[in-house]
Amino acid sequence: MYWISKLIHRIRRINRRTLLFLGMLGPGIIVMVADNDAGGITTYTVTGAKYGLHLLWFLILLGPVAYYVQEMTVRLGTVTKRGHAEAIFSAFGRFWGWFSLLDLVLTDWLTMITEFVGMTAALSIFHVPPLLTVGICWLLMGAMIMSGRYWTWEKIALLFCAINLIYIPAAFMVHPSVKDIAFNSLIPHLPPGGFTNDLFFLLMANIGTTIAPWMLFFQQSSVVDKELKEKDIKIGKADTAIGAVLTVVVAMVLIIVCGTLLYGTPVDDAAAAATKIMPVNRTIGTLIAIGLFDAGLLGAVCISLASSWAFGEVFGWAHSLNKKVKEAPWFYAYYFFDLLLAGTVVLIPGAPLVLITLFVQVISTTLLPAALVFLILLLNDKKTMGRYTNTPWQNFANVSIVVVIIALSTMYGISVLFPKLLG
């Protein structure tokens, strides 16, 4: 009987640890899955349709990059109990603080527009008018944050994260060649046609949709709002790693589906991809449309929250999802202002929405190095971070990421000024 009692005790202990682990999950998964937003889905579908499976290896490389960048926000937020905007203002002063905040506002506003573009385009496939779609989205996104509890919002967000995985069955339904997937996943190479401006643009767009400035602000503020402690850092890092894997999996699935069904077909956005797939396989086309709407909704909520948290930190407003509207009026006011402004732009006739959707990813990439430099410097402040300061390996990895992004951004600028340089 003793061994039975001991076994039951161990099972209960494992169950408690499992429940604790699951309870701590959230910020990392949400920020990473939300990163596969409407703009991201469009970028992946266009990449697959234009280059087939040839860039799968590049997407796999971006997974560790996203993890190394985002796990720094877990440590910084947990140790300092400050959001990213507040941490920059405190460490680097008002000039650089305002610089980073305006950087965030610009990229967030443009990215929010792409989320509404994706949502209206997705539901237009089912003949829902854009005005009705925008109204529905405003109501849904407003309702998500009105509970006055961070934990309630997080559970709802994780539900939308689960819906984002709806693409995965589609990869099996197209019966792709396992040999082709393995070759294009493991062996870096250029697609047919070599290195061109079009390829460079899509590579930049894929980087921009995998690592974006808003993600730094969102995850750090989310960690603070969730009130994670230093003892939770390991779980927070595991949470981020799981999210990074899910991000890469969804990206690969979309490239596999579109690379198999639409390779060589001109595609401008994810909604167009879904429409063109419908006659071939209605189920897959429907899955892409539903996933696109979900991606836009989740992305819009997280991006708007990133801005609201940042403004609250800078201006000293109450800025927590654990507070009711009456307790944090300016925090919620800015959130709704962001949603209303972005949704209204989408309804303007003739607005260059597809161009905005792709270019916003590139803009995010060019503005990202500044945000990363601030983050790395903060993580090397031993007085603040103590034993959670960056290790030499972490510094090497993150500085390498910054150098590569700066180099690519510079090359992209040169390619825009001299378009014939790359052919």
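Above this note sits the structure.
Structure report, in brief. (Residues numbered from 1 in each chain as written. Predicted model: local features only at pLDDT ≥ 70, side-chain atom pairs only at ≥ 80, totals over all residues. Heavy atoms only, no water.)

What to know about the overall build of the protein chain
Working step 1: Across its full length, the protein chain carries 18 helices and zero strands.
Working step 2: Residue burial in the protein chain is summarised as follows: out of 423 residues, 55% are buried.
Working step 3: Partitioning the intrachain contacts of the protein chain with sequence separation of at least 6 by distance along the chain shows that 85% fall at a separation of at least 24.
Working step 4: Entry remark: accessible area of the protein chain is about 18,200 Å², with carbon and sulfur atoms responsible for 72%. (Helix = DSSP H or I, 4+ residues; strand = E, 2+ residues; numbered from the N terminus. Buried < 20%, exposed > 50% of the residue type's maximum accessible area, 1.4 Å probe, protein only. Contact = heavy atoms within 4.5 Å. Areas by Shrake-Rupley, 256 points an atom, 1.4 Å probe, with all protein chains shown as cover.)

Observations regarding the environment of threonine 42
Working step 1: Note that threonine 42 resides in helix H3 (residues 38-51).
Working step 2: Given the relative accessible area of 5%, threonine 42 is considered buried.
Working step 3: Each C-alpha atom of the pair threonine 42 and alanine 270 lies 4.4 Å from the other, and the pair is 228 residues apart in sequence.

Some thoughts on the packing of helix H7 (residues 150-164) against helix H11 (residues 213-226)
Working step 1: With their axes 10 Å apart at the nearest point, H7 and H11 run at an angle of 130 degrees to one another. In terms of their interaxial angle, H7 and H11 are classed as oblique. In the crossing of H7 with H11, the sense of the turn from one axis to the other is left-handed. In contact with Tyr150, Trp151, Trp153 and Glu154 of H7, H11 contributes Phe218, Ser222, Asp225 and Lys226.
Working step 2: Taken together, the residues that form the contact of H7 with H11 break down as four nonpolar, one polar and three charged. (Axes fitted to C-alpha atoms, helices over the stretch in contact; angles between N-to-C directions. Parallel < 35°, antiparallel > 145°, perpendicular 65-115°, else oblique. Left-handed = near helix turned anticlockwise from the far one by under 90°. Nonpolar A, V, L, I, M, F, W, Y, C, P; charged D, E, K, R; others polar.)

Here we look at the packing of aromatic side chains
Working step 1: Enumeration over the complete set of coordinates arrives at 22 aromatic pairs.
Working step 2: Here tryptophan 214 and phenylalanine 218 contribute two aromatic rings whose centre-to-centre distance is 6.1 Å and whose plane-to-plane angle is 70 degrees, an arrangement assigned as edge-to-face. Of this pair, tryptophan 214 and phenylalanine 218 both sit in helix H11, separated by four residues, roughly a single helical turn. Neither tryptophan 214 nor phenylalanine 218 differs from the other in exposure class; each is buried.
Working step 3: Members of the aromatic cluster, each reached through a chain of ring pairs, are Phe89, Trp98, Phe311, Phe315, Trp317, Trp330, Tyr334 and Phe337. (Phe/Tyr/Trp six-rings, centres within 6.5 Å; stacked < 30°, edge-to-face > 60°.)

Digging into the pattern of salt bridges
Working step 1: Applying the stated criterion to the full structure yields five salt bridges.
Working step 2: The salt bridge partner of arginine 82 is glutamate 86, with a shortest N-O separation of 3.9 Å.
Working step 3: Of the residues examined, arginine 82 reaches a relative accessible area of 32% and is grouped as partly exposed.
Working step 4: Here aspartate 232 makes a salt bridge to lysine 231, at a shortest N to O gap of 3.5 Å.
Working step 5: Accessibility expressed as a relative area gives 6% for aspartate 232, which makes it buried.
Working step 6: Judged by its relative accessible area of 64%, lysine 231 is exposed.
Working step 7: Bridged by salt links that share partners, the residues Glu71, Arg75 and Lys237 form one connected network. (Salt bridge = Lys/Arg side-chain N within 4 Å of Asp/Glu carboxyl O.)

Focus: helix H15 (residues 329-346)
Working step 1: In this model H15 runs 26 Å from its N-terminal to its C-terminal C-alpha over 18 residues, within 8% of the 26 Å that 1.5 Å per residue would give.
Working step 2: Three or more residues of H15 are buried, namely Phe331, Tyr332, Tyr334, Tyr335, Asp338, Leu339, Ala342, Gly343, Val345 and Val346. (Expected span 1.5 Å × (residues − 1).)

Details of the nonpolar core
Working step 1: Counting 126 residues, the largest nonpolar core has Phe116, Met141, Trp153, Trp214, Phe218, Leu305 and Leu321 as its most contacted members.
Working step 2: If you tally residues by element for this core, the top one is helix H14 (residues 282-315), at 18 residues.
Working step 3: Setting aside chain neighbours within four positions, we find leucine 305 in contact with Trp153, Phe218, Leu321, Phe331 and Tyr335. (Core = buried A, V, L, I, M, F, W, Y, C linked by side-chain atoms within 4.5 Å.)

Regarding a nonpolar patch on the surface
Working step 1: On the surface, Phe126, Leu159, Ile163 and Ile290 cluster together to form a nonpolar patch covering roughly 320 Å² of accessible area.
Working step 2: Mapped onto the secondary structure, leucine 159 falls in helix H7.
Working step 3: Taking relative accessible area as the criterion, leucine 159 reaches 52% and is therefore assigned exposed. (Patch = residues over 30% accessible without salt bridge, like charges linked within 9 Å, V, L, I, M, F, W, Y side chains within 5 Å.)

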